[in-house]
Amino acid sequence: MESLGLYLHIPFCRSKCGYCDFYSVAVLNRPILPLIRALARELENRLAERPGPISTIFVGGGTPTVLPRPELDELMSCLKQVVDHDHPIEFTVEANPGTVEEAKLDLLTRAGVDRISMGAQSFHLPELQMLERLHTPDEIPRSVKSCRSVGIRRINLDLMFGIPGQTLAGWRESLHHAVDLGVEHIACYGLTYEPGTALTARRDRREIVPCDEELEAEMYLAAIDDLESAGYHQYEISNFAKPGERCLHNLVYWRNEPCIGVGPSAAGYLQGVRYKNVSNIEEYICKVEQGGQAVVESEKLTGQDLAGETVMLQLRLNCGIVFDEFLLRTGVEARLTYARSIAKYVQNGFLKVTDSGVALTRAGRLMADTVIADFIDEPRSAPRCRAGSTRRSKWKMENGKWKMRTCRR
Ligand code: SF4
């Protein structure tokens, strides 16, 4: 049976990190309660149309744990009906080191939270400073300890490679620090220069020198080797878990299963329709007060669009595309539709044939974007963006969240 996820977006952080293009604003002096009331109203409306029980909850952002305790409590109260009624099998809250005081964590565990996903990024102060993160390396183990002390059993640490100035040895040290903390899950993301961010502006002004591509590839392969030998199984391009500790909520996304998205800029996928809410707190509140929801973009995914998006998601998984499941989900016979790409990439070693379909090889994971783009282009000649890149889907999955795609050079 399909899973059904619930994602809540809390658009507040202590301050904005230089590389971040997720919708979030500094929390200081912001009216939080009106937003939580609007979230509760949108949630109630969405729950009325849920096609089955919610199996996973993910409260992300932003930094949900930056909310003051009374507001965090209010937020958790909104979710009580889901926890009591649907008994989700996983309830994750995103946090940053330095925002997880024990009283807040205690409140979260009492509300049913059983997993914390923490944005550690690096164990080296200059790298954290380059990213404009506010925490220091020492705060990471302290925060992990606080989580454990209130009984949070499942912890993910996000780490980042490809940071300007980062060395291979420094990256491996960060990996080993994370492993030594005994966390159940580690996600490794390459730094990307998103349009409109402070870090991209610094790169464009030549104030920083981006990491060399070959070094970045070495860092990625080192993560696969070091984490596998420490007992973490890679199950997705960026994600590594100890046995039984995969993130079930993210698997909902990667399998292209339905998910309710609630909050400013949240995206959801229900009854074959992908939708996105407005990315502005005031407009969000206003829209929800007027009509119970705040959708600004929606698209019914069918045929080749649905197949292309499913390729984009499932090729990221180590198990890859399973032909029979793909046919059931999309109505498209992947073996025939993508025959040319499959033959090409199996021959050059980027894809391997599995018992039930095809999956990226270790070398193929470094070329995932190219392989996926060729698959998607194969059944149709897609319209081209002005700059010459192929416009594929409006939607993309990045660092475990849905975003609208921009046409980039
Ligand atoms: S990276 Fe995370 S902590 Fe930093 S601004 Fe973005 S959402 Fe907030």
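Residues numbered from 1 in each chain as written. Predicted model: local features only at pLDDT ≥ 70, side-chain atom pairs only at ≥ 80, totals over all residues.

Enquirer: Would you take a moment to explain the overall build of the protein chain for this structure?
Expert: Along its length, the protein chain carries 16 helices and 19 strands. The C-alpha atoms of the protein chain give a radius of gyration of 21 Å, which matches the 22 Å a tight globule of 409 residues would have. Here the protein chain holds 409 residues, and the buried ones make up 43% of them. (Helix = DSSP H or I, 4+ residues; strand = E, 2+ residues; numbered from the N terminus. Rg over C-alpha atoms; globule rule 2.2 N^0.38 Å. Buried ≥ 20, exposed ≤ 12 C-beta atoms within 10 Å, placed from the backbone.)

Enquirer: Explanation requested: the packing of helix H2 (residues 69-86) against helix H3 (residues 102-110) in the structure shown.
Expert: Any two packed helices are characterised by how steeply their axes cross, that is the angle between the axes, and by the distance between the axes. H3 packs onto H2 with a crossing angle of 10° between their chain directions and a minimal axis gap of 10 Å. Put simply, H2 runs roughly parallel to H3. Taken together, the residues of H3 that come into contact with H2 (itself represented by Arg 69, Leu 72, Asp 73 and Met 76) are Ala 103, Lys 104, Leu 107 and Leu 108. Classifying every residue of the contact of H2 with H3 gives five nonpolar, no polar and three charged. (Axes fitted to C-alpha atoms, helices over the stretch in contact; angles between N-to-C directions. Parallel < 35°, antiparallel > 145°, perpendicular 65-115°, else oblique. Contact = placed C-beta atoms within 7 Å. Nonpolar A, V, L, I, M, F, W, Y, C, P; charged D, E, K, R; others polar.)

Enquirer: Just checking my understanding: could you explain the domain arrangement of the protein chain for this structure?
Expert: Where the parts come together, the accessible area they lose is often given as the size of the interface. Per the domain assignment, the segments of the protein chain are domain 1 (5-254) and domain 2 (303-396). One C-alpha centre belongs to domain 1, the other to domain 2; they are set 28 Å apart. With nine residues of domain 1 at the contact, the number on the domain 2 side is nine residues. For the side of domain 1 that touches domain 2, the elements supplying multiple residues, two or more each, are helix H8 (213-229), strand S9 (233-236) and helix H9 (248-254). Looking at the side of domain 1 that touches domain 2 residue by residue, the classes come out as seven nonpolar, one polar and one charged. (Domains from an automatic or database assignment.)

Enquirer: It is not clear to me how helix H1 (residues 33-48) should be interpreted in this structure. Could you clarify?
Expert: Quick reminder: α-helices carry 3.6 residues per turn. Residues three or four places apart thus point the same way. With 16 residues, H1 should cover 22 Å at 1.5 Å per step; its first-to-last C-alpha distance of 23 Å lies within 8% of that length. If you check which residues of H1 are buried, you get Leu 35, Ile 36, Ala 38, Leu 39, Glu 42 and Leu 43. Around the axis of H1, the buried residues are gathered within 160° of arc, so they sit on the same side. In H1, those exposed residues whose orientation departs by more than 90 degrees from the buried face are Leu 33 and Ala 48. Taken together, the buried residues of H1 touch strand S1 (5-10), H2, strand S11 (259-262) and helix H10 (281-291). (Expected span 1.5 Å × (residues − 1). Arc of directions from axis to C-beta.)

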